[in-house]
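# A closer look at the structure
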Amino acid sequence: MKTNQIPAKRSNYTRADRPEQVPVTHIVIHSTELSYPETVQRFQEAHDVSAHYVLRQSDGLVTQMVAPHNVAWHAGNWELNCRAVGIEQEAYVGEPESFTKTMLRSLTTLVSQLSTQFNVPLDRDHLLGHDNLCAMTASGQLAMHQDPGRYFDWRQLLTDLGASVEGRGVPVVGEPVVVCVMVADLYQSPEQGAKLLTDETLPGWTHQVSYGQRFVCADKKR
């Protein structure tokens, strides 16, 4: 894994002393929706945004822009920012080819190292996508992002980390249901032609689930 360091602008993150001040409990995976140079430049300018790492798609270069003991501003949720490491991939939600195998290998290595460093469990309860996150206020929901989106290969990442999941058969009310497909859309009813649970322009977590996530079966209807 190739690495380098390019510091983000000091006003784009919060200095801290993690995990002494607050534990690191999550890793949040993003896609930049910009090129690698554009992302690095954005974090070096006064945009009130940053991530700890930026991964380049062509060769998997891992660029540290905020030291992981500091708090980067990446998740749109302050409470989670305080407890998470943010990783940006040079990729685009609508372009499956932008999630390169080379970049995924670097991501796997980086996530594994961070898991060891901060004792973050390697499961989907603790490895999150930006599209899995909700904002702290209702008014902030529309600003939440859709990345890394349906083309990011959670299955391959977890498999490479030795943390792949298996289905549990027929759902049982009150028991966990594990998502074993790459991505599944959620609908308002089981009929053909049913509408999505929410509008597709809204944050992904309101109408979509992805590989490895767990949910409790609340009820079953024929």
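Higher on the page you've got the structure.
Residues take numbers from 1 onward in each chain, read along the sequence in its written order. Restriction of local features to residues with pLDDT of at least 70 applies here, the model being predicted, together with a cutoff of 80 or more for giving and counting side-chain atom pairs; totals for whole chains, interfaces and linings are based on all residues. With hydrogens and water set aside, each side-chain value is computed from the structure's full complement of heavy atoms.

### Structural notes on the overall build of the protein
Convention followed: Helical segments are the DSSP runs of H or I of at least four residues, strand segments are the runs of E of at least two, and each set is numbered from the N terminus. The globule rule used here is 2.2 Å times the number of residues to the 0.38 power, and the radius of gyration it is set against is calculated over C-alpha atoms. For every residue, the accessible area obtained with a 1.4 Å probe (protein chains only) is divided by the maximum for its type, and the residue is called buried under 20%, exposed over 50%, and partly exposed between those limits. Contacts were defined at the residue level, with two residues in contact if any of their heavy atoms lie within 4.5 Å. Every accessible area reported is derived by Shrake-Rupley at a probe size of 1.4 Å, with residue values counting cover from the shown protein chains alone.
Broken down by element type, the protein carries four helices and 12 strands. Rg of the C-alpha trace for the protein: 18 Å, near the compact-globule value of 17 Å for 222 residues, within the 12% margin. Taken along its principal axes, the extent of the C-alpha atoms in the protein is 55 × 40 × 35 Å. In the protein, which comprises 222 residues, the proportion classed as buried is 45%. In the protein, 73% of the contacts between residues at least 6 apart in sequence involve partners at least 24 apart. With an accessible surface of roughly 11700 Å², the protein has 51% of that area assigned to carbon and sulfur atoms.

### Side note on the pairing of strand E3 (residues 26-31)
Cut-off, in case you're wondering: Two strands pair if DSSP finds at least two bridges between them.
With six of six residues buried, E3 is to be regarded as a mostly interior element. Where burial is concerned, the two faces of E3 agree: the one with His-26, Val-28 and His-30 and the one with Ile-27, Ile-29 and Ser-31 are both buried. Both E3 and strand E7 (residues 84-89) contribute to a ladder of six bridges, which runs parallel. Within E7, the position partnered with Ile-27 by the bridge is Val-85.

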